[in-house]
Amino acid sequence: MSESRTSAEGGMETSYGFREVADGEKQGLVNEVFHKVAKRYDIMNDVMSVGMHRVWKDAMIAALNPRKEPGYKVLDVAGGTGDIAFRIVEASNRQAHATVLDINGSMLAVGAERAAKKKLSDNLTFVEANAEDLPFEPNSFDAYTIAFGIRNVPRIDVALSEAYRVLKRGGRLLVLEFSEVDMPLLDRIYDSWSFNAIPKFGKAITGEAEPYQYLVESIRKFPNQENFAEMIRKAGFSRVSFTNYTGGIAALHSGWKL
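Just so we're clear, the structure is a prediction, and the values are computed from it rather than from any experiment.

A look at helix H9 (residues 225–234)
No. 1: Every buried residue belonging to H9 is among Gln225, Phe228, Ala229, Met231 and Ile232, and all of these are buried. Angularly, the buried residues of H9 cover 155° about the axis, an arc narrow enough to put them on a single face.
No. 2: On its buried face, H9 is in contact with helix H6 (156–166), strand S7 (167–178), strand S8 (238–245) and strand S9 (250–256).
No. 3: After H9 finishes, the residue glycine 236 shows a positive phi value of roughly 110°.

A short note on the pairing of S9
No. 1: Within S9, six of the seven residues are buried, leaving the element largely enclosed by the surrounding structure.
No. 2: Bridge analysis of S7 against S9 gives seven bridges, and the strand direction is antiparallel. Its bridge partner lying in S9, valine 175 is registered against histidine 253.
No. 3: Direction of pairing for S8 relative to S9: antiparallel, over a ladder of six bridges. Looking at S9, one finds that serine 238 is bridged to tryptophan 256.
No. 4: Hairpin geometry of S8 and S9 is characterised by an intervening segment of four residues between the two adjacent antiparallel strands and by a positive phi of about 50° at threonine 246.

Section: the pattern of salt bridges
Once their charged atoms are close, side chains differing in charge can pair, the charge on each being opposite to the other.
No. 1: Counted under the stated rule, the structure contains 16 salt bridges.
No. 2: A salt bridge links arginine 114 to aspartate 83; its shortest N-O distance comes to 3.8 Å. With arginine 114 in helix H5 (residues 105–117) and aspartate 83 in helix H4 (residues 83–91), the pair connects residues that are 31 residues apart, well separated along the chain.
No. 3: Classification of aspartate 83 as buried rests on a relative accessible area of 10%.
No. 4: Across the pair aspartate 142 and lysine 168 runs a salt bridge whose closest N-O atoms are separated by 3.5 Å. A residue pair is termed long-range when its members are at least 10 positions apart, and aspartate 142 in strand S6 (residues 141–147) and lysine 168 in strand S7 qualify at 26 residues.
No. 5: By relative accessible area, which is 12% here, aspartate 142 ends up buried.

What counts as what
- Residues numbered from 1 in each chain as written.
- Predicted model: local features only at pLDDT ≥ 70, side-chain atom pairs only at ≥ 80, totals over all residues.
- Heavy atoms only, no water.
- Buried < 20%, exposed > 50% of the residue type's maximum accessible area, 1.4 Å probe, protein only.
- Helix = DSSP H or I, 4+ residues; strand = E, 2+ residues; numbered from the N terminus.
- Arc of directions from axis to C-beta.
- Contact = heavy atoms within 4.5 Å.
- Pairing = 2+ DSSP bridges.
- Salt bridge = Lys/Arg side-chain N within 4 Å of Asp/Glu carboxyl O.

In structure tokens:
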């Protein structure tokens, strides 16, 4: 399979890293990846980003600037371990309620356990469901967030349409995802680190190299910043923009339901 990025027209549906898979097969393969790494997910993100994911996530929450008042409702998708949801609740002075949705029960179990330890359970609801078929009424949430998860959704266009459906008028979409590096020297360094070091570190830490190989390849298949922004526009969002972090290693995409 070509290693080139997919476009705004799609292509991630049958892309399992650089390997072409049958229609409908990708979700099961991705589920298996996250069952394997659930208990070490934060370590995995540290390896993938050399620790920078924590800085990027903090920047995402600063951009969201959740309201510090009861009734503010956020849906955090593919956020099973609670990393983003915890930040949102704390940034709202524990006023917000975050619904954490993930298709992977192993990830949700980790998140629920962590929430209890942080005494945040009253501010959180954990739901096992598919981003392509959200079990919520239209106009239910003030914000929809997803961090490093959208590229693992087979039908990204469907997930974005679902995000638009469940957001209230005036609601905001924020997507944090690994993206296309826009600095040539950094691009070469990052490629070398990704393909040579990350799978080896993953195997040393978790005993598994294959999940990391998939994750590295999936980053290179994901649409670049401009193409993904176009996908968000096609889903109906307005005032679509993106901000590159660390030379484009990651990007924060924003859209509004107006």
